[in-house]
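Below, each chain spelled out in residue letters.
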Amino acid sequence: MLSKNSIGKWGKMNVCQMLKHCDLVLQVALGKFELPRINVIFEAVGIFTKIEMHIFNNGIPRNMPTFQKLIVNFECDFDVSKTNLLKTLEEFREVCEKNNLPDRHRLFGTMTEKDWTFLEYKHLDHHLKQFNV
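What you are looking at is a predicted structure, and each value in this text was computed from that prediction instead of being measured.

What counts as what
- Residues numbered from 1 in each chain as written.
- Predicted model: local features only at pLDDT ≥ 70, side-chain atom pairs only at ≥ 80, totals over all residues.
- Heavy atoms only, no water.
- Helix = DSSP H or I, 4+ residues; strand = E, 2+ residues; numbered from the N terminus.
- Buried < 20%, exposed > 50% of the residue type's maximum accessible area, 1.4 Å probe, protein only.
- Expected span 1.5 Å × (residues − 1).
- Arc of directions from axis to C-beta.
- Contact = heavy atoms within 4.5 Å.
- Polar contact = N/O pair within 3.5 Å; in protein donor to acceptor, adjacent residues only side chain to side chain.
- Salt bridge = Lys/Arg side-chain N within 4 Å of Asp/Glu carboxyl O.

Participant: How do you make sense of unusual backbone geometry when you look at a structure like this?
Facilitator: Leaving glycine out, the prevailing phi sign among residues is negative, and the prevailing peptide bond configuration is trans. One non-glycine residue, Asn-57, lies in the positive phi region at around 55°. Tracing the backbone through its elements, the reader meets Asn-57 in the loop between α2 (40–56) and α3 (78–97). At Asn-99, a position not held by glycine, the phi torsion is positive, near 50°. Within the secondary structure layout, Asn-99 lies in the loop between α3 and β1 (104–105). In this structure Asn-99 comes out as exposed when scored by relative accessible area, which is 59%.

Participant: Where do I start with α2 in this structure?
Facilitator: Because an α-helix completes one turn every 3.6 residues, residues spaced three or four positions apart along the sequence face the same direction. If you check α2, its first and last C-alpha atoms are 24 Å apart, about what 17 residues at 1.5 Å a residue would give, namely 24 Å. When α2 is considered as a whole, its buried residues turn out to be Glu-43, Gly-46, Thr-49, Lys-50 and Met-53. For α2, the arc enclosing every buried residue in end-on projection is 115°, short of the 170-degree limit, so these residues lie on one face. Looking at α2, the residues exposed on the side facing more than 90 degrees away from the buried face are Val-40, Ile-41, Phe-48, Ile-55 and Phe-56. Packed against the buried residues of α2 are β1, β2 (109–110) and α4 (113–130). You can read the cap of α2 off the contacts: a side-chain oxygen lies 2.6 Å from the backbone nitrogen of Ile-41, and it is on Asn-39. Phi for Asn-57, located one or two positions after α2, is positive at around 55°.

Participant: It is not clear to me how the pattern of salt bridges should be interpreted in this structure. Could you clarify?
Facilitator: Close approach of charged atoms allows side chains with opposite charge to pair. Using the criterion set out here, one finds 7 salt bridges in the structure. For Glu-34, the salt bridge goes to Arg-106, with nearest N and O atoms at 2.8 Å. In this pair, Glu-34 is assigned in the loop between α1 (15–29) and α2 and Arg-106 in the loop between β1 and β2, connecting sequence segments 72 residues apart. Arg-106 sits in the partly exposed class, given a relative accessible area of 25%. For Arg-104, the salt bridge goes to Glu-43, with nearest N and O atoms at 2.5 Å.

Below you can see the structure in the form of structure tokens.
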């Protein structure tokens, strides 16, 4: 069970920062948080990574780099961050039901609903495993 005292097995974020980070990543899918443009080479790597994850059903590697805007390196409140993430997850579910997800991602290129749901699941799973959940 996740608590404010949960300790990560890797990475620099504490549990509250992880919850906030996951919330921000979901907000990208909701169009509430915009990522900066990236070099076409990085986008090509992102597109390849998306395809590879679908084919091999592999997870996200530990300590993988992320967009600077998604790095949470400030103190936050565990209960507030947890509540916000659960609210954003519910909103993501509702948007999925309405087939109203964006058709592009800055890193992963063209996106389908299957891409969004698969990658968001993999991202959340990665961070929950980070904290033994």
